[in-house]
Amino acid sequence: RLFSSASSSTLTHGEASSTHGDADGVVEVNPPRGTRDFTPEDMRLRTWLFDQFREVSRIMAFEEVDFPVLESEALFIRKAGEEITQQLYNFEDKGGRRVVLRPEITPSLARLVIKQGKSVSLPLKWFTIGQCWRYERMTRGRRREHYQWNMDIFGVPKVRAEAELLHAIVLLFQRLGITSSDVGIRVSSRKVLQAVLNMYFIPEHLFTEVCVIVDKLGKITREEIEKELISTGLSSEAVQGIINVLSLKSLSKLEEVLGSGVEAVADLKKLFSFAEQYGYADWICFDASVVRGLAYYTGIVFEAFDREGKLRAICGGGRYDRLLSTFGSEDIPACGFGFGDAVIVELLKEKGLLPDLSRQIDDIVFPLDEELEGPASSIASSLRKKGRSVDLVEDKRLKWVFKHAERINASRLILVGNSEWERGMVRVKILSTREEFEVKAGELE
Ligand SMILES: OCc1cccc(Br)n1
């Protein structure tokens, strides 16, 4: 209910009588910039999507974990110039602590693994669905929050872990009715870039910075990429070498350039052979330009894309074997992915795959007279105890009740009327067949 200065004395839900409105008396009804409300209809779609995430996580034998949306800022301070760390939704709390609304989930996962220490046995397969935040200048009008499904495996050094993650992603798409002709998953490895930098004797400390720059391939022009790479101190020969290798889309060509026996090639070959065994080989393709924009990836990286090329990446992830040591702990090999709640819905809309999620209620119970509200309550109560969803309706005309029953797809309308109640009966209307009959109130199932 909106507060207004005119009715500042209106007591609503126990609110003290004070004006919350601004100049013209009405409070701002929109949520903060870049954030969303979820109406019941929105929530039905979101709940359906999250149920698919959970069901795939269950099928993959992952365990659910959760974290505060609020985290210490220290978890996200990285020097590689990633967009995600330049848009931290950070602030100082009343205790003078530097905190953030988390921009991603992986560092929280790492923090919990470190905190659990020896009390957890590896491998760990954890998932969570959580809201993530960024503070982006609204110039681009993009959202500042979204929900992400994260699946992560700790303690498996070999590419079998990435193969498992890719299987989860393919299973999710298949559950949503998306096929490998709608979506592909580009796969590469940061070790490709590592090998190229080694070929040009580029120092290790430039690796992360170069990854963040080349992740912009396709988002900014090739010239801008070259300029940014030169500005890190790379020779133009090295820059050309990097860009040439990153444009490769064939593993055999990559092997020609890097030479056989290079770890990157061996990893990718193994992953592609796993894909054959899992039966999702037609979903994935090698694409050396995939590096992903997060500083901490160290190996295989991947991202799902719509083959029509209309949308941003649907999900993405990779291996991050040295994240824990950046938090001062022993390293544990790890890999994972994040799957946002926005692009996938755009894709489902594009493909006409949004499910019909209208409301469905079992029973409407309606007293035809005021003095029957008590009996109507006891009928609703006994039906609810049996697990039936019951909408107890009062103070409405019968015409409205029938319309309402249609609107909420009620299965039955249970009318409590004097003439029936005197005989201990109620009238039941089956809305799908229009069938109507009397039932003993106590025998209503
Ligand atoms: O995918 C980057 C990202 C992080 C936090 C919030 C939003 Br919206 N987007």
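Every residue gets a number counted from 1 within its own chain, in the order that chain's sequence is written. For this predicted model, a pLDDT threshold of at least 70 governs which residues receive local features, and a threshold of 80 or more governs which side-chain atom pairs are given and counted, while totals over whole chains, interfaces and linings are taken from all residues. Note: side-chain values were computed over all heavy atoms of the structure, leaving out hydrogens and water.

Caption draft 1: Main features of the pairing of strand β6 (residues 145-154). Think of it in three bands: residues with accessible area under 20% of the maximum for their type are buried, residues over 50% are exposed, and the middle band is partly exposed, with areas taken using a 1.4 Å probe on protein chains only. Numbering goes from the N terminus for both helices and strands, where a helix is a DSSP run of H or I of at least four residues and a strand is a run of E of at least two. Of all ten residues making up β6, nine are buried, and the element is well covered by its neighbours. In this analysis, strands are considered paired if DSSP registers two or more bridges between them. Bridge analysis of strand β5 (residues 124-133) against β6 gives ten bridges, and the strand direction is antiparallel. Paired with L124 across the bridge in β6 is F154. Where β6 meets strand β11 (residues 334-340), seven bridges bridge the pair, whose relative direction is antiparallel. Looking at β11, one finds that W149 is bridged to F339.

Caption draft 2: Region of interest: the site of the ligand. Lining the immediate surroundings of the ligand are P103, C132, W133, R134, R143, R144, E145 and H146. Notes on the ligand: free accessible area 290 Å², of which the protein chains cover 79%. Where the shell around the ligand is concerned, the elements lending two or more residues are β5 and β6. The class makeup of the residues in the shell around the ligand is three nonpolar, one polar and four charged. Residues are counted as near a molecule or strand when any one of their heavy atoms sits within 4 Å of it. Surface exposure here means Shrake-Rupley accessible area, sampled with a 1.4 Å probe, where a residue is shielded only by the protein chains that are shown. Amino acids outside the nonpolar list (Ala, Val, Leu, Ile, Met, Phe, Trp, Tyr, Cys, Pro) and the charged list (Asp, Glu, Lys, Arg) are all regarded as polar, and Gly is one of them.

Caption draft 3: Here's a closer look at the environment of R144. With respect to the helices, strands and loops of the structure, R144 is situated in the loop between β5 and β6. Look at R144 and you get buried, because its relative accessible area is 7%. Separated by 111 residues in sequence, R144 and R33 place their C-alpha atoms 7.6 Å apart. Looking at R144, its side chain comes within polar contact range of the main-chain oxygen of E136, at 3.0 Å. We define a polar contact as two N or O atoms separated by no more than 3.5 Å, with the added condition that, inside protein, one atom must be a possible hydrogen donor and the other a possible acceptor, whereas residues neighbouring each other in sequence contribute only through side-chain atom pairs.

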